[in-house]
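Descriptive structure summary
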Amino acid sequence: MITEGFELIREIVASGGTKYTAGLIDRSRYEALVDLGWLRPIRMNKNDIAYVATEQGIAAAD
């Protein structure tokens, strides 16, 4: 899981540091990075969440 987490945070940081998720999808891989302190969720509306890389997440992506 940690290896996948590093890959995912690197992808998010490389694409500008934000990942927008829409609809009723499985967000468990993003929530795992929230638990690590690498992403911060921002609820956009009832079904959509944007995840923003934190300073810790940016450092982990290096």
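Residues take numbers from 1 onward in each chain, read along the sequence in its written order. The predicted origin of the model limits local features to residues at a pLDDT of at least 70 and limits the giving and counting of side-chain atom pairs to 80 or more, whereas totals for whole chains, interfaces and linings rest on all residues. With hydrogens and water excluded, all non-hydrogen atoms of the structure serve as input to the side-chain values.

Let's talk about the sheet that holds strand 1 (residues 18–21)
As summarised here, the arrangement of the three strands in space is 1-3-2, forming an open sheet in which the pairing is antiparallel. Each edge of the open sheet carries a strand with a single partner, namely strand 1 and strand 2 (39–43). Each adjacent strand pair in this sheet contributes to an overall mean axis angle of 20 degrees, direction not counted. Set on the sheet, helix 2 (residues 28–36) makes contact with strand 1, strand 2 and strand 3 (49–53); between it and strand 2 the angle comes to about 120 degrees. Strand pairing requires that DSSP identify at least two bridges connecting the strands. What counts as a helix is a DSSP run of H or I of at least four residues, what counts as a strand is a run of E of at least two, and both are numbered from the N terminus. Only the contacting stretch of a helix is used when fitting its axis, a line to C-alpha atoms as for every element, and angles between N-to-C directions run 0 to 180 degrees. Whether two residues are in contact is decided by their heavy atoms: any pair within 4.5 Å suffices.

Describing the packing of aromatic side chains
Here the aromatic set is Phe, Tyr and Trp, taking the six-membered ring for Trp, and pairing holds for ring centres within 6.5 Å; pairs whose planes are under 30 degrees apart are stacked, those over 60 apart are edge-to-face, and all others are tilted. Applying the stated rule across the entire model yields two aromatic pairs. On the numbers, 5.1 Å between centres and 45 degrees between planes, the contact of F6 with W38 is tilted. Of this pair, F6 sits in helix 1 (residues 2–14) while W38 sits in the loop between helix 2 and strand 2, and the two are 32 residues apart along the sequence.

Notes on a nonpolar patch on the surface
Together, Y20, I42 and M44 line one region of the surface with nonpolar side chains, adding up to about 270 Å² of accessible area. Relative accessibility decides the category of a residue: with a 1.4 Å probe and only protein chains considered, values under 20% of the type maximum give buried, values over 50% give exposed, and everything between is partly exposed. We classify I42 as partly exposed; its relative accessible area is 31%. A patch consists of residues exposed above 30% relative accessible area that lack any salt bridge, with like charges linked at up to 9 Å and nonpolar side chains (Val, Leu, Ile, Met, Phe, Trp, Tyr) linked at up to 5 Å. In this description, accessible areas are obtained by the Shrake-Rupley approach with a 1.4 Å probe, and a residue is regarded as covered only by the protein chains that are shown. Within this document, salt bridges are pairs made up of a side-chain nitrogen of Lys or Arg and a carboxyl oxygen of Asp or Glu, the two lying within 4 Å of each other.

Considering the side chain of R27
Residue placement: R27 occurs in the loop between strand 1 and helix 2. We treat Lys and Arg as the positive residues and Asp and Glu as the negative residues; His and chain ends play no part in the count. Of the side chains bearing the opposite charge, D48 lies closest to the buried R27, which forms no salt bridge; the N-O distance is 4.8 Å. Polar side-chain contacts of R27 include one of 2.6 Å to the backbone oxygen of N47. Pairs of N or O atoms within 3.5 Å make up the polar contacts considered here, provided that, within protein, one atom can donate a hydrogen while the other can accept it, and that residues adjacent in sequence are counted only when both atoms are side-chain atoms.

Here we look at the pairing of strand 3
In terms of residue burial, strand 3 counts as a mostly covered element, since five of its five residues are buried. Of the two faces of strand 3, the one carrying I49, Y51 and A53 and the one carrying A50 and V52 are both buried. Two elements, strand 1 and strand 3, share four bridges in a ladder whose sense is antiparallel. By the bridge assignment, Y20 is partnered in strand 3 with A50.

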